[in-house]
Amino acid sequence: MSTNWTAIVLTGGRSRRFGSDKSEAVISGHSLLDAILLALPAELRVIVVGSEPGTHVRPIEVTREEPINSGPVAGIAAGLVLVETDLVGVIATDMPFAVPLLSQLVGQLPAYADAVMPIDSAGFRQPLCAVYRVASLRHALGQLGGVHGQSMRNLATLLNVHEVFMGVDAQKELMDIDTPADLQRAVVILGTTGKDANDEGW
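Reference entry: report on the structure contained in this document. Residue positions are counted from 1 within each chain, in the order its sequence is given. Two thresholds apply to this predicted model, a pLDDT of at least 70 for residue-level local features and 80 or more for giving and counting side-chain atom pairs, whereas whole-chain, interface and lining totals are computed over all residues. Calculated side-chain values reflect all of the structure's heavy atoms, with hydrogen atoms and water omitted.

1. Focus on helix α2 (residues 72-80)
In step 1: Note on exposure labels: buried denotes an accessible area under 20% of the residue type's maximum, exposed denotes more than 50%, and partly exposed covers the range between, all computed with a 1.4 Å probe on protein chains only. Strands are runs of DSSP state E lasting at least two residues, helices are runs of H or I lasting at least four, and both sets are numbered from the N terminus onward. Counted residue by residue, α2 has 7 buried out of 9 residues, so it is predominantly covered.
In step 2: For α2, the complete set of buried residues consists of Val73, Ala74, Gly75, Ile76, Ala78, Gly79 and Leu80.
In step 3: Taken together, the buried residues of α2 touch β1 (5-10), β4 (45-49), β5 (61-63), β6 (87-92), α4 (134-143) and α5 (152-156). Should any heavy atoms of two residues lie within 4.5 Å, those residues are considered in contact.

What follows is the structure, given as structure tokens:
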């Protein structure tokens, strides 16, 4: 596994639709955050942007966007301050099945591109499961003229994005958990596949 990249895990947000902190929701005996942290390569440097987790299942660094709850672009900007590698993988804490895909995307970034993003079966980009060139990302953030409340869509328009189209079979990998019903659906998926949250295939 290549370690020429750093992972930023975004755990912020108000979780209005979920009703509580999504990162602490439990699936297969682990919080969503811990499931992602356990699935990332053990040797990888991981930066968590959000509140300090109650326990650490692996070494991490924690930072926070300013002001708090100012959006994913602000979260990425805060995490990027600590990044020293040329590439960074960004993943939201509500995408517990996406870590293997994120690791694969590192090897699919062409030399000409600033970022590589999966495209779901509905044709939408997934910028919160994507790999970015750090220099390009910093330049794009500077062009925004402020990160508070900015949308990921606006940020992506400033980057040369290589798109990787995912079929219907990849719907599980790109599933995000926005509601308690989504969480229950994820639990059912795990029961069907027979995989635990810290299995390599997660």
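Back to the text.
2. Points about the packing of α2 against α4
In step 1: Between α2 and α4, the shortest axis-to-axis distance is 11 Å and the interhelical angle comes to 130 degrees. Relative to α4, the element α2 lies oblique. Between α2 and α4 lies a crossing whose hand is left-handed. Of α4, the residues touching α2 (which contributes Val73, Ile76, Ala77 and Leu80) are Val134, Leu137, Arg138 and Leu141. Where helices are involved, their axes are fitted lines through C-alpha atoms of the stretch in contact, as for all axes, and angles between N-to-C directions lie from 0 to 180°. When describing relative orientation, an angle under 35 degrees is termed roughly parallel and one over 145 degrees roughly antiparallel, while 65 to 115 degrees is termed roughly perpendicular and anything else oblique. Crossing handedness is read from the near helix: turned anticlockwise from the far helix by less than a right angle, it gives a left-handed crossing, and turned clockwise, a right-handed one.

3. Comments concerning the pairing of β6
In step 1: Among the 6 residues of β6, 6 are classified as buried, and the element is accordingly described as predominantly covered.
In step 2: The two faces of β6 match: Leu87, Gly89 and Ile91 on one face and Val88, Val90 and Ala92 on the other face are all buried.
In step 3: The rule for pairing is simple: two strands pair if DSSP sees at least two bridges between them. Pairing between β1 and β6: 6 bridges, direction parallel. The residue bridging Leu10 from the neighbouring strand is Ala92, located in β6.
In step 4: Sheet analysis places β6 next to strand β8 (residues 129-133), joined by 5 bridges and oriented antiparallel. Bridging across to β8, Val88 finds its partner in Tyr132.

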